Amino acid sequence: MKLFIDTANLEEIKKANNLGILDGVTTNPTLLAKEKVDPIAQLKKICSLVKGPVSAEVISQDAKGIVLEAKELAKIAPNIVIKIPTTSEGLKATKELSSQNIKTNLTLCFSVSQALLVAKAGANFVSPFVGRLDDISFDGMQLIKDIKLVYQNYKISTQIIVASIRHPIHFVEAAKIGADIATVPFYVIEKLLLHPLTDIGIKRFLEDWGTLKKTNIISKSKIKK
Ligand code: G3P
């Protein structure tokens, strides 16, 4: 499963990228607004940091406006993917952009029927929001399982980006289902690697090594640490 970071914050992107495990970035108007800088300039900087797909969302709601805005956003960098809301106007725009080889990520997807229609329109990616479904007592991960099943039934190539991830269990469940991508906020990425037994284990190994160092045995060894 590919790992995208869900943020528009350059420091977070740099830190995640430095781990050597980052495959892409997703942004949205809320995340860009949080940065309080020019969004186009920020997207340019993000695209220069990360080679993989970088999603930039349109604000227009009508198909014509979405297509025009998408073409402007696509000029930012070759790895820009246009994030479009899952609406009838969004579908029309997706069909048009797909015919012009502009990549799309259909966002705010909350049902299998939506996921099937965006695939038919030629979306490269679909973003079902698991956390927001959980928030209203629907099972977000069940939606991912159902979309995966339907896409497999018809050998659909639209990639599933599990979005609105709130904790490591969402990430693990997404991988168990076989989702293509999980887009994860930085505070969750940090938690993915943590395990108290790893920390306890390192502490014990170092203490035991320290005991050995107190003897003379270690000074005769090639390993001096
Ligand atoms: O990628 C979509 C994501 O940004 C939404 O997350 O936590 O606002 O539901 P959240």
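Let us look at the structure shown here.

Some remarks on the nonpolar core
Side chains of nonpolar character tend, in soluble globular proteins, to be buried together. The biggest cluster of nonpolar side chains holds 56 residues, and the ones touching the most others in it are Ile5, Ile80, Ile82, Ile144, Tyr151, Val162 and Val184. If near-sequence neighbours (up to four positions away) are discounted, isoleucine 144 is found in contact with Pro128, Val130, Ile160, Val162, Ile177 and Ala179. In this structure, Phe4, Val81, Phe125 and Ile181 belong to the second largest nonpolar core, which totals five residues.

What to know about helix α6 (residues 112-120)
If you check which residues of α6 are buried, you get Ala115, Val118 and Ala119. Viewed end-on, α6 has its buried residues packed into an arc of 100°, placing them on one side of the element. Taken from the residues just after α6, glycine 122 is the one with a positive phi, measuring 100°.

Describing the sheet that holds strand β7 (residues 159-162)
On the basis of which strands lie adjacent, the closed barrel formed by eight strands has the order β1-β2-β3-β4-β5-β6-β7-β8 and parallel pairing. In this sheet, adjacent strand axes meet at a mean angle of 30° when their direction is disregarded. As paired elements, strand β6 (residues 125-128) and β7 share two bridges and run parallel to each other. Each residue of the ladder has a partner; that of valine 126, found in β7, is isoleucine 160.

Quick notes on the packing of aromatic side chains
Throughout the structure, instances matching the rule amount to one aromatic pair. When the ring of phenylalanine 110 is compared with that of phenylalanine 129, the centres are 5.7 Å apart and the planes differ by 70°; the resulting orientation is edge-to-face. Within this pair, whereas phenylalanine 110 is found in the loop between β5 (104-109) and α6, its partner phenylalanine 129 is found in the loop between β6 and α7 (130-135), the two being separated by 19 residues in sequence. The class for phenylalanine 129 is buried, based on a relative accessible area of 6%.

With respect to a nonpolar patch on the surface
A contiguous nonpolar patch, built from Trp209, Leu212 and Ile217 and spanning about 260 Å² of accessible area, is present on the exposed surface. Residue class for tryptophan 209 comes out partly exposed when judged on its relative accessible area of 34%.

Quick word on the site of the ligand
Taken together, Asp6, Asn28, Lys83, Phe129, Arg132, Ala163, Ser164 and Arg166 make up all the residues around the ligand. A class-by-class count of the residues in the shell around the ligand yields two nonpolar, two polar and four charged.

What about the pattern of salt bridges?
This model, assessed by the stated rule, comprises six salt bridges. Residues arginine 166 and aspartate 135 are paired through a salt bridge, measuring 3.0 Å at the closest nitrogen-oxygen approach. Linking arginine 166 in the loop between β7 and α9 (168-177) with aspartate 135 in helix α7, this pair joins segments that are 31 residues apart in sequence. Note on aspartate 135: relative accessible area 51%, which makes it exposed. Taking the shortest distance from any N to any O, the salt bridge between lysine 203 and glutamate 207 comes out at 3.1 Å. With lysine 203 and glutamate 207 both in helix α11 (residues 196-214) and four residues apart, the pair spans about one turn of that helix. Judged by relative accessible area, lysine 203 falls into the exposed class, the value being 53%.

Side note on the packing of helix α4 (residues 63-74) against helix α5 (residues 88-99)
Running from amino to carboxyl end, α4 crosses α5 at an angle of 45°, the nearest separation of the two axes being 8 Å. Comparing the axis directions of α4 and α5 gives the class oblique. Between α4 and α5 lies a crossing of right-handed hand. Residue-level contacts link Ala63, Ile66, Val67 and Ala70 of α4 to Glu89, Gly90, Lys92, Ala93, Glu96 and Leu97 of α5. Partitioned by chemical class, the residues of the contact of α4 with α5 number six nonpolar, one polar and three charged.

What counts and what doesn't
- Residues numbered from 1 in each chain as written.
- Predicted model: local features only at pLDDT ≥ 70, side-chain atom pairs only at ≥ 80, totals over all residues.
- Heavy atoms only, no water.
- Core = buried A, V, L, I, M, F, W, Y, C linked by side-chain atoms within 4.5 Å.
- Buried < 20%, exposed > 50% of the residue type's maximum accessible area, 1.4 Å probe, protein only.
- Contact = heavy atoms within 4.5 Å.
- Helix = DSSP H or I, 4+ residues; strand = E, 2+ residues; numbered from the N terminus.
- Arc of directions from axis to C-beta.
- Pairing = 2+ DSSP bridges.
- Axes fitted to C-alpha atoms, helices over the stretch in contact; angles between N-to-C directions.
- Phe/Tyr/Trp six-rings, centres within 6.5 Å; stacked < 30°, edge-to-face > 60°.
- Patch = residues over 30% accessible without salt bridge, like charges linked within 9 Å, V, L, I, M, F, W, Y side chains within 5 Å.
- Areas by Shrake-Rupley, 256 points an atom, 1.4 Å probe, with all protein chains shown as cover.
- Salt bridge = Lys/Arg side-chain N within 4 Å of Asp/Glu carboxyl O.
- Near = heavy atom within 4 Å.
- Nonpolar A, V, L, I, M, F, W, Y, C, P; charged D, E, K, R; others polar.
- Parallel < 35°, antiparallel > 145°, perpendicular 65-115°, else oblique.
- Left-handed = near helix turned anticlockwise from the far one by under 90°.

In short, geometric facts, not functional conclusions.
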